[in-house]
Amino acid sequence: MTPLQILQTKFGYSGFRLEQEAIINAVLQKKDTFVLMPTGGGKSLCYQIPALLFDGLTIVISPLIALMKDQVDALRVNGIEAAYLNSTQSFQEQDYVLGKIRSKELKLLYLAPEKLLKPESSFFKTITSFDISLIAIDEAHCISHWGHDFRPEYLMLAQLKHALPSVPFIALTATADRLTRKDILDKLELKNPITYLSSFNRPNIRYIVEPKRNSFEKLLTFLDKRKEESGIIYCLSRASTERLADDLTSAGYQALAYHAGMDRETRARHQEMFLRDEARIIVATIAFGMGIDKSNVRYVVHMDLPKNIESYYQETGRAGRDGVDSEALLFFTIADLVKMKRFVEIENNQEQTEVYLKKLNQMGTYGDLYYCRRKYLLNYFDEEAPDYCGNCDVCLTRLETFDGTIIAQKALSAVTRLNERVGMIYVIDFLRGSKSEKIREEHKQLKTFGIGNDLSKEAWKGFIHDLVQQGYLIKTDGMYPVLNLTDKSEDVLKGNVTVMLTKSKEHLDVVADGVENYDTDLFQKLKEVRRDLANAENVPAYIVLSDATLIELATYLPHNKDEFRQISGFGDIKIEKYGKHFWDVIAAYCREHDLGSRIQLKSPKRQRNTKSETANDTQRQTLGMFKLGHAISHIAETRNLTMGTIETHLAFFVQQGELPIEQIIPSEKVILIEKALGTSTGPGITPVKQQLGDACSYGEIRLVIAHREFLKEHVHSNVSSD
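Our subject in this report is the structure included herewith. If you're wondering where the values come from, they're calculated on a predicted model, not measured in any experiment.

**Thoughts on the overall build of the protein chain**
When helices and strands are counted, the protein chain shows 32 helices and 17 strands. Here the C-alpha radius of gyration of the protein chain, 29 Å, is about what a compact globule of 722 residues would show, namely 27 Å. Dimensions along the principal axes, computed over C-alpha positions, put the protein chain at roughly 80 × 80 × 55 Å. Split into buried and exposed, the 722 residues of the protein chain put 52% on the buried side. Sequence separation of at least 24 residues holds for 72% of the intrachain contacts in the protein chain that already meet a minimum separation of 6. Of the roughly 33,900 Å² that the protein chain leaves accessible, carbon and sulfur atoms contribute 49%.

**Digging into the nonpolar core**
In this structure, Ile 61, Leu 111, Leu 116, Ile 127, Ile 135, Ile 137 and Tyr 366 are the most contacted members of the largest nonpolar core, which totals 67 residues. No other element matches the 5 residues that helix α15 (residues 350–367) contributes to this core. Among all residues touching Leu 116, those that are not within four sequence positions of it are Ile 61, Leu 111, Ser 121, Phe 123, Phe 124, Ile 127, Met 156, Leu 157 and Leu 160. Core analysis: the second largest hydrophobic core is formed by 31 residues, Val 77, Tyr 542, Leu 545 and Leu 550 among them.

**Structural notes on the pairing of strand β3 (residues 82–85)**
Successive residues of a regular strand alternate their side chains across the two faces of the sheet. Covered by surrounding structure in β3 are Ala 82 and Tyr 84 together with Ala 83 and Leu 85, the residues of both alternating faces. Between the parallel elements β3 and strand β4 (residues 108–111), the chain passes through helix α5 (residues 91–102) in a crossover that is right-handed.

**Notes on the sheet that holds β3**
The 7 strands lie next to each other as β3-β4-β2-β5-β6-β1-β7, forming an open sheet whose pairing is parallel. Edge positions in the open sheet fall to β3 and β7 (194–197), since each of these has one partner strand only. With direction set aside, neighbouring strand axes in the sheet form an average angle of 20°. Relative to strand β6 (residues 169–173), strand β5 (residues 132–137) runs parallel, the two sharing 3 bridges. Bridge pairing links Ile 135 to Phe 169 in β6. Against the sheet, helix α3 (residues 45–53) engages β2 (57–61), β4, β5 and β6, with an angle of about 140° to β4. Running over the sheet, α5 touches β2, β3 and β4 and is turned about 135° from β3.

**Examining the environment of Val 529**
Looking at the secondary structure, you find Val 529 in helix α22 (residues 520–537). Take Val 529: its relative accessible area is 15%, and that puts it in the buried class. When the C-alpha atoms of Val 529 and Ala 541 are compared, they prove to be 9.6 Å apart, with 12 residues separating the residues in sequence. Setting aside residues no more than four positions away along its own chain, Val 529 makes contact with His 581, Phe 582 and Val 585.

**Looking at the sheet that holds strand β10 (residues 255–258)**
Read across the sheet, 6 strands follow the order β8-β13-β12-β9-β11-β10 without closing on themselves; strand pairing throughout is parallel. This sheet does not close on itself; its edge strands, each paired only once, are β8 (205–211) and β10. For this sheet, the mean inter-axis angle between neighbouring strands, taken without regard to orientation, is 15°. In terms of strand pairing, strand β12 (residues 297–302) meets strand β13 (residues 326–332) through 4 bridges, oriented parallel. Bridge assignment links Tyr 299 to a residue of β13, and that residue is Glu 327. Relative to the sheet, helix α12 (residues 264–275) contacts β9 (230–234), β10, β11 (281–284) and β12, its axis offset from that of β10 by approximately 140°.

**Quick look at the packing of aromatic side chains**
A complete count under the given rule lists 13 aromatic pairs for this structure. For the pair Tyr 366 and Tyr 376, a centre-to-centre distance of 6.2 Å together with 45° between the ring planes defines the contact as tilted. Highlighted residues: Tyr 366 in helix α15 and Tyr 376 in helix α16 (residues 373–380), separated in sequence by 10 residues. Exposure remark for Tyr 366: the relative accessible area of 0% places this residue in the buried category. With relative accessibility at 11%, the residue Tyr 376 sits in the buried group. With a centroid separation of 5.9 Å and an interplanar angle of 65°, the aromatic rings of Phe 402 and Phe 463 are classed as edge-to-face. Separated by 61 residues along the polypeptide, Phe 402 in strand β14 (residues 397–403) and Phe 463 in helix α20 (residues 457–469) bring together distant segments of the chain. For Phe 402, a relative accessible area of 24% translates into the label partly exposed. An aromatic cluster of three or more residues is present, and its members are Phe 200, Tyr 313, Tyr 380 and Phe 381. Above the plane of the ring of Phe 274 lies Lys 294, whose end atom (NZ or CZ) is 5.0 Å from the centre.

**Notes on the packing of α22 against helix α24 (residues 547–556)**
A pair of packed helices can be characterised by two numbers: the angle between their axes and the separation between those axes. The geometry of α22 relative to α24 is characterised by a closest axis approach of 9 Å and an angle of 130° between their N-to-C directions. Between α22 and α24, the angle falls in the class oblique. For the crossing formed where α22 meets α24, the hand is right-handed. Touching Leu 522, Phe 523, Leu 526, Lys 527 and Arg 530 of α22 are Asp 547, Leu 550, Ile 551, Leu 553 and Ala 554, all from α24. Across the contact of α22 with α24, the residue classes tally to 7 nonpolar, no polar and 3 charged.

**Remarks on the side chain of Thr 33**
As for its placement among the helices and strands, Thr 33 is situated in strand β1 (residues 33–36). Of note is the side chain of Thr 33, whose polar atom sits 2.9 Å from the backbone oxygen of Lys 31.

**Quick look at the environment of Lys 187**
Mapped onto the secondary structure, Lys 187 falls in helix α9 (residues 178–188). Here Lys 187 falls in the partly exposed class, since its relative accessible area comes to 23%. Once residues within four sequence positions are removed from consideration, Lys 187 is found in contact with Ile 143, His 145, Leu 155 and Ala 158. Here Asp 183 takes part through its side chain, which lies 2.7 Å from a polar atom of the side chain of Lys 187.

**Let's talk about the packing of helix α2 (residues 20–28) against α3**
One can describe the packing of α2 onto α3 by two numbers: an axis separation of 9 Å at closest approach and a directional angle of 45°. By the angle between their axes, α2 is oblique relative to α3. Pair α2 / α3 crosses with right-handed handedness. Residues Gln 20, Ile 23, Ile 24, Val 27 and Leu 28 of α2 form the contact with α3, whose participating residues are Leu 45, Cys 46, Ile 49, Pro 50 and Leu 53. When grouped by side-chain class, the residues that make up the contact of α2 with α3 number 9 nonpolar, 1 polar and no charged.

Conventions used here
Residues numbered from 1 in each chain as written. Predicted model: local features only at pLDDT ≥ 70, side-chain atom pairs only at ≥ 80, totals over all residues. Heavy atoms only, no water. Helix = DSSP H or I, 4+ residues; strand = E, 2+ residues; numbered from the N terminus. Rg over C-alpha atoms; globule rule 2.2 N^0.38 Å. Buried < 20%, exposed > 50% of the residue type's maximum accessible area, 1.4 Å probe, protein only. Contact = heavy atoms within 4.5 Å. Areas by Shrake-Rupley, 256 points an atom, 1.4 Å probe, with all protein chains shown as cover. Core = buried A, V, L, I, M, F, W, Y, C linked by side-chain atoms within 4.5 Å. Right-handed = clockwise from strand over helix to strand, strands pointing away. Pairing = 2+ DSSP bridges. Axes fitted to C-alpha atoms, helices over the stretch in contact; angles between N-to-C directions. Phe/Tyr/Trp six-rings, centres within 6.5 Å; stacked < 30°, edge-to-face > 60°. Lys NZ or Arg CZ within 6 Å of the ring centre and 35° of its normal. Parallel < 35°, antiparallel > 145°, perpendicular 65-115°, else oblique. Left-handed = near helix turned anticlockwise from the far one by under 90°. Nonpolar A, V, L, I, M, F, W, Y, C, P; charged D, E, K, R; others polar. Polar contact = N/O pair within 3.5 Å; in protein donor to acceptor, adjacent residues only side chain to side chain.

Take a look at the structure:
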């Protein structure tokens, strides 16, 4: 069989995602491989498919027992022989697994790194004596001191490489910056590894940051709309997880605490209840979650500030692994940043302390962002991104700006007079003429002392953050960051530039694009079927089928095996095992509502032949402002561009099919322009404009032409596919 055939028949997916196919081919050629792929991107398939094609055994090194059980359960449901060995098993259970390996009944074996520990141990010698075709190291960032989850036992994995020099290794992680990636490759001693770096973007996750004040009340408001959904809430301390879980339980939610201070039995029980949807919410420290493959987590909330972007990205990545729209909410306050600095100091190791402080300050910058949060996250991992993503709170906020040049000059002047040696709070107190004893006497004698007393402390905080975001000021790294001027500061102080500052914000509730038009009642019935099947097999419900698969069933109403095969997640094994159970419910629903199959509506996305399919940053920024309700004239004025340029940007998205023409031009005017285009005999659009007069602009004519191109291509594509 080919890798694609295994993907389709065993796992039920029609095609590969991201770099999966290239990675699998590299592994099959027995090359050492390093894979960085976002959570939910399908890393496991990169070694599971080669494991089924190789003759021998594939060993998967995995850091958590829960992850092993999860993966093995999922493989067995798909009819694949897999097992794990860890400390929870009795000697007899472990011996039984080893017997299955000797008889070549297993294709995949999951191991914790501490099981191997010493190369001279009998277990190490037993494992390395087997016919091993591939070693997969999951959560590979655990080997790096610079990573966010260093585990000393991972360091011995290089010994495994020494013992099996001819066996290919594949190391996989979802989160590693450049420094950590280099450290992983060095410590594992991989042989000329091929590196695959997939996009970090998780477009289905909406990133939201809220001020931490009254966070519990805000959390209850957030949860009120999500009572039937699963979520993870992270807290900094063990005590706060238990308090919050109790408070949420008192408020009527199914919430359980989880932290490393609990006994193993309680932790395991709480985790299992969450995985099986018997508890909707798990309130946890970072001890929970690494490798948890629960695909239907719809939100992740951070009540406290994570220590670094890597941790935050990985923890938020536990939401929406099935590709369904999900949310990541962070409650942020500067006080958390100050408090956390005490926790990242490493005694007698200044170099590592400085790295951790820099990472923490970068996390603080994220909490204070005035521009797209997704762009910041992707740029952190060295990935380019447009200025507007359309699915974070910053991009979904309408900002009202004003000429704040004088305010900016006051702030920059204060930083100058204070010799760029103090932090933001001191600068603000200085500007407001504070009587605090912290203000030095010599500073009180300066002309700029008190020149900003007409503004509140909170207003100044916002404006200074705004100036930092726009590059007119910079915050230094370290334990006590100070404000410095930048190359752009001088032009402001001389009055050569106008500085626009934010006056007010209006948060918009925008429905994400591409949401399936599925029947929620049928979806709930299908969830009940899934739950019963999961209970019968003693596995979590999402292992039977993901929410995304149920949504497709409730959208396209498949009527037979061939149609079920077109539903993502339904391989041949699952069709035979589960197909009839879901078909019975779908058939009854269709009879009741006089509906037929809609499978003909499910088709791969149209491949466009346009020369420029990818929008650039400036085009995306125009689209973002337009979607927020700004008029074309306002966008042009704000961005210091002509209206014609803005209309050209929008025409690009009309021709790509991303923006309906009716959202820009009234339908009656579209008809009018269409008619003029149809009767015009002269070259170019000038004759059309002359025919229409002042009724339409050149830009509107170009937009309608773009719409015609989209329709022409769309019709041609449909005819070709037929």
